Amino acid sequence: MSLIPLHLIAGSLGVGKTTAIRRFVAQSSEYTAVIVNDFGETGYDASFIAEAGGTGTVRVENVPGGCLCCSSSDRLLPALKMLCAQPEVQRIIIEPSGVTLLDPLLKMLHEAAPVCGFELAPVIVFFDPAKTRIATLELIPYWRHLADRAGIAVLNRCDLTSPQAVEQLFQCLENWEPPKLSVIKTVHGELPPELFNLRGSAARPPDGYHHHTQHPPAGTFRSEKIFRLEVLRELLEQRDTQLERFKGVFHTDSGWRRLEIAGGKVDCRLAAERTDSSAEWIGESETLAGRLEACVLVDARVR
């Protein structure tokens, strides 16, 4: 029996991982199962991928409410066993949250591979050249581990910074030890399909690694009310919100909308109808839930 290829697509908050996965499954003719580790309970990323469409089939399993490296780790193995037991599944993609530590997750996946029946493909790690400095990669443990564990390094959003910054990061990762199978430049999360056919020895964490970190503060919000879209946008564009990441789906006076903060910019797009509005965020903003509530248009249940 052939092993199911499993791809771990990692990277920091807001670097474009979810968009890349959505693009891939929209263009694929395979039956792809995606395990999404949203940092909150709202299932924002999972629903975004599930709406991708395409000629293939996508099945999305959400593992919410914590990181796959710690608080949500006990939910991952049952999900993997269940998916690997489905004969129609041809490929599995795991998207950990942007604050997940890779070493404990990789250790878990290497141990689970022979039990579940999957082959761990080279780890794909996304970097934003507008924000990633070479000194940061070399000196800060979290970033160095991302660079070390990447079998394939993806420089995304290359259109949002200077060609010099892109080239400097590219050359740094091209010469990084351990060496990469591939380093690519892209925009909007577009990955060449052949990238998913690359095989090699997936990174293993070193013996005796230490798993200790303090995750940044996070918040969640749910409501059955209707919101004023422009007021929501104005709130999220205010600098004093101090948000590293924000993701929400809202029932507004202009219909259902997805609102995101990534890379310091607010993105708004159409969303499929849901049972209620919800949002989750990472950053120092203890008052945000109350400020979101102040954007309500109508105090009415969503129909």
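Burial runs high along strand E11 (residues 243–252): 9 of the 10 residues are buried. Examined bridge by bridge, E11 and strand E14 (residues 277–283) share 6 bridges and lie antiparallel to one another. Paired with Leu243 across the strands is Gly283, a residue of E14. Here E11 folds back onto strand E12 (residues 255–262) in antiparallel fashion, the turn holding 2 residues.

Think of an α-helix as 3.6 residues a turn; residues three or four steps apart then line up on the same face. Of all the positions in helix H8 (residues 229–237), only Leu229, Leu232, Leu235 and Leu236 are classed as buried. Down the axis of H8, the sector holding all buried residues measures 125°, keeping them to one side. On its buried face, H8 sits against strand E10 (226–227), E11, E12, strand E13 (265–270) and helix H9 (288–293).

This part takes up the packing of aromatic side chains. Tallied over the full model, the rule gives 6 aromatic pairs. Summarising the aromatic geometry, the rings of Tyr142 and Trp143 are spaced 5.5 Å apart at their centres and angled 85° between planes, so their arrangement reads as edge-to-face. Seen in terms of ring centroids, Phe221 and Phe227 are 6.1 Å apart; in terms of plane orientation they differ by 75°. Their pairing is edge-to-face. Here a set of aromatic residues connected by ring pairs shows up, and it is made of Phe221, Phe227, Phe246, Phe250 and Trp281. Across from the ring centre of Phe48, 4.3 Å away, lies the NZ or CZ of Arg22, which sits over that ring. One Lys or Arg, Lys185, reaches over the ring of Phe170 and ends 4.6 Å from the middle of that ring.

With that settled, consider the pattern of salt bridges. Applying the stated rule across the entire model yields 15 salt bridges. Note that Asp45 and Lys247 form a salt bridge whose closest N and O atoms lie 2.7 Å from each other. Taken together, the residues span a long stretch of sequence, with Asp45 in helix H2 (residues 44–50) and Lys247 in strand E11 at a distance of 202 residues. Across this residue pair, the class does not change: Asp45 and Lys247 are buried. In the salt-bridge network here, residues are joined through shared partners; they are Asp45, Lys247 and Glu280.

What the rule picks out here adds up to 0 disulfides. Cys116 forms no disulfide, and the closest cysteine sulfur to it belongs to Cys84, at a distance of 5.1 Å.

This paragraph deals with empty space enclosed by the protein. For the structure on display, the rule yields 1 cavity of 30 Å³ or more. Space inside the largest cavity adds up to approximately 40 Å³. In terms of lining, the largest cavity is formed by Ala10, Gly11, Pro96, Ser97, Gly98, Thr100, Leu102, Tyr142 and Leu146. Listing elements by their share of the lining of the largest cavity, those giving two or more residues are strand E1 (4–11) and helix H6 (141–149). For the lining of the largest cavity, the per-class residue count stands at 5 nonpolar, 4 polar and no charged.

Okay, unusual backbone geometry next. Residue Glu177 is joined to Pro178 through a cis peptide bond whose omega torsion reads 5°. If you trace the backbone, Pro178 turns up in the loop between helix H7 (163–174) and strand E8 (182–185). The backbone phi angle of His188 is positive, close to 55°, even though this residue is not glycine. Take His188: it is sitting in the loop between E8 and strand E9 (218–223). On the basis of relative accessibility, which here comes to 46%, the residue His188 falls in the partly exposed class.

This paragraph deals with helix H1 (residues 17–27). When we look at burial in H1, the residues that qualify are Lys17, Thr18, Ala20, Ile21, Phe24 and Val25. Down the axis of H1, the buried side of the element spans an arc of 160°, and every buried residue falls inside it. In this fold, the buried residues of H1 make contact with E1, strand E2 (31–36), H2, strand E3 (57–62), strand E4 (91–95) and strand E6 (124–127).

The rules behind the values
- Residues numbered from 1 in each chain as written.
- Predicted model: local features only at pLDDT ≥ 70, side-chain atom pairs only at ≥ 80, totals over all residues.
- Heavy atoms only, no water.
- Buried < 20%, exposed > 50% of the residue type's maximum accessible area, 1.4 Å probe, protein only.
- Helix = DSSP H or I, 4+ residues; strand = E, 2+ residues; numbered from the N terminus.
- Pairing = 2+ DSSP bridges.
- Arc of directions from axis to C-beta.
- Contact = heavy atoms within 4.5 Å.
- Phe/Tyr/Trp six-rings, centres within 6.5 Å; stacked < 30°, edge-to-face > 60°.
- Lys NZ or Arg CZ within 6 Å of the ring centre and 35° of its normal.
- Salt bridge = Lys/Arg side-chain N within 4 Å of Asp/Glu carboxyl O.
- Disulfide = S-S within 2.5 Å.
- 1 Å grid on protein atoms, 1.4 Å probe; cavity = no way out; pocket = protein on both sides within 12 Å on 5 of 7 lines; lining within 4 Å.
- Points joined across faces, edges and corners; volume = space filled by probe spheres on them.
- Nonpolar A, V, L, I, M, F, W, Y, C, P; charged D, E, K, R; others polar.

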